[in-house]
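Residue strings, one per chain:
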Amino acid sequence: MRFLMMTKDQSAGGPPDEKLMVEMGKFIDEMTRAGVLLATGGLNPEGTYIKSEGGKITVTDGPFTEAKEAVVGFALIEVRSKEEAIELSKRFWQIVGDGEGEIREVFGPPQ
């Protein structure tokens, strides 16, 4: 099963310190060696919004007023169950501290 773990904007906390970066590096390395981590990265919160309605397509560039709710980071993982995805997410939040995110199952053929 594949899951997309997403983190929302945590800019109020400031940039991560060196200890956090080291711990996160260890966690990423562990997941990579275990074959669980398929991809990870950060996202620019100033994305582009695309809407299709009644045959008309509207494109709007950010930043948006709801930036605090923007997804700014992700990890695509492959695990045996939703419970395993939740446990990995809990480990992530134990490293980074306060914040919020989402876990969503990814449907489609395996990679």
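Each remark here, short or long, concerns the structure printed above.
Here the structure is a predicted model, which is why all the values come from computation and not from measurement.

Chemist: Looking at this structure, I do not really get the overall build of the protein chain. What am I missing?
Modeler: Within the protein chain, the regular secondary structure consists of 2 helices and 6 strands. Taken from N to C terminus, the helices and strands of the protein chain fall in the order β-α-β-β-β-β-α-β. Counting across all 111 residues of the protein chain, residues that qualify as buried make up 21%. Partitioning the contacts of the protein chain with sequence separation of at least 6, the portion at a separation of at least 24 is 79%. Of the accessible surface of the protein chain, which amounts to about 8000 Å², a share of 54% is contributed by carbon and sulfur atoms.

Chemist: Any chance you could explain the pattern of salt bridges here in plain terms?
Modeler: A side chain of one charge can pair with a side chain of the opposite charge if their charged atoms are brought near each other. Taken as a whole, this structure holds 9 salt bridges when the rule is applied. Linked through salt bridges whose partners overlap, the residues forming this network are Lys8, Glu100, Glu102 and Arg104.

Chemist: Hey, could you run me through a nonpolar patch on the surface in this one?
Modeler: On the surface, Ile50, Ile57 and Val59 cluster together to form a nonpolar patch covering roughly 330 Å² of accessible area. Tracing the backbone through its elements, the reader meets Ile50 in strand S3 (residues 48–53).

Chemist: When you look at the packing of aromatic side chains in this model, what are you seeing that I'm missing?
Modeler: Aromatic ring pairs are defined here through the distance separating the ring centres and the angle between the ring planes. Scanning all chains against the criterion turns up 1 aromatic pair. Taken together, a centroid distance of 4.9 Å and an interplanar angle of 85 degrees make the contact between Phe92 and Trp93 edge-to-face. Neither Phe92 nor Trp93 differs from the other in exposure class; each is buried.

Chemist: It is not clear to me how the nonpolar core should be interpreted in this structure. Could you clarify?
Modeler: The nonpolar side chains of a soluble globular protein tend to be buried, and buried together. Of all hydrophobic cores here, the largest spans 14 residues; its most connected members are Phe27, Ile77, Val79 and Leu88. Phe27 has contacts with Leu88, Arg91, Phe92 and Ile95, leaving out every residue within four places of it along the chain.

Chemist: Would you mind going over the sheet that holds strand S2 (residues 37–42) with me for this structure?
Modeler: Strands pair in a sheet through their backbones, by hydrogen bonds, and they do so in one of two ways: parallel or antiparallel. Reading across the sheet, the 4 strands line up as S2-S5-S1-S6 and stay open at both edges, with antiparallel pairing between neighbours. Of all strands in the sheet, those with a lone pairing partner are S2 and strand S6 (101–106), marking the two edges. On average, adjacent strands in this sheet sit at an angle of 15 degrees to one another, irrespective of strand direction.

Chemist: What should I look at first to understand the environment of Met6 in this one?
Modeler: Tracing the sequence through the fold places Met6 in strand S1 (residues 2–8). The sequence separation of Met6 and Gly73 amounts to 67 residues, and the corresponding C-alpha distance is 5.7 Å. Setting aside chain neighbours within four positions, we find Met6 in contact with Val71, Gly73, Phe74, Glu100, Gly101, Glu102 and Arg104.

Chemist: I'm lost on the environment of Leu20 in this one. Help?
Modeler: Among the secondary structure elements, Leu20 is positioned in helix H1 (residues 18–33). Considered as a pair, Leu20 and Val96 are 76 residues apart in the sequence and their alpha carbons are 6.6 Å apart. In contact with Leu20, not counting residues within four places along its chain, are Ile95 and Val96.

Chemist: For this particular structure, what's the right way to read H1?
Modeler: For an α-helix, the turn length of 3.6 residues means that residues three or four places apart are oriented alike. In this model H1 runs 22 Å from its N-terminal to its C-terminal C-alpha over 16 residues, within 8% of the 22 Å that 1.5 Å per residue would give. Three or more residues of H1 are buried, namely Met24, Phe27 and Met31. Down the axis of H1, the buried side of the element spans an arc of 60 degrees, and every buried residue falls inside it. Facing away from the buried side of H1, by more than 90 degrees, are the exposed residues Glu18, Lys19 and Arg33. Its buried side turned inward, H1 meets S2 and helix H2 (82–96). Among the residues of H1, the N-terminal cap falls to Asp17, whose side-chain oxygen and the backbone nitrogen of Lys19 are separated by 3.3 Å. Remark: Gly35 follows H1 within two positions and exhibits a positive phi of approximately 75 degrees.

Basis of the calculations
Residues numbered from 1 in each chain as written. Predicted model: local features only at pLDDT ≥ 70, side-chain atom pairs only at ≥ 80, totals over all residues. Heavy atoms only, no water. Helix = DSSP H or I, 4+ residues; strand = E, 2+ residues; numbered from the N terminus. Buried < 20%, exposed > 50% of the residue type's maximum accessible area, 1.4 Å probe, protein only. Contact = heavy atoms within 4.5 Å. Areas by Shrake-Rupley, 256 points an atom, 1.4 Å probe, with all protein chains shown as cover. Salt bridge = Lys/Arg side-chain N within 4 Å of Asp/Glu carboxyl O. Patch = residues over 30% accessible without salt bridge, like charges linked within 9 Å, V, L, I, M, F, W, Y side chains within 5 Å. Phe/Tyr/Trp six-rings, centres within 6.5 Å; stacked < 30°, edge-to-face > 60°. Core = buried A, V, L, I, M, F, W, Y, C linked by side-chain atoms within 4.5 Å. Pairing = 2+ DSSP bridges. Axes fitted to C-alpha atoms, helices over the stretch in contact; angles between N-to-C directions. Expected span 1.5 Å × (residues − 1). Arc of directions from axis to C-beta. Polar contact = N/O pair within 3.5 Å; in protein donor to acceptor, adjacent residues only side chain to side chain.

These figures capture arrangement, not role.
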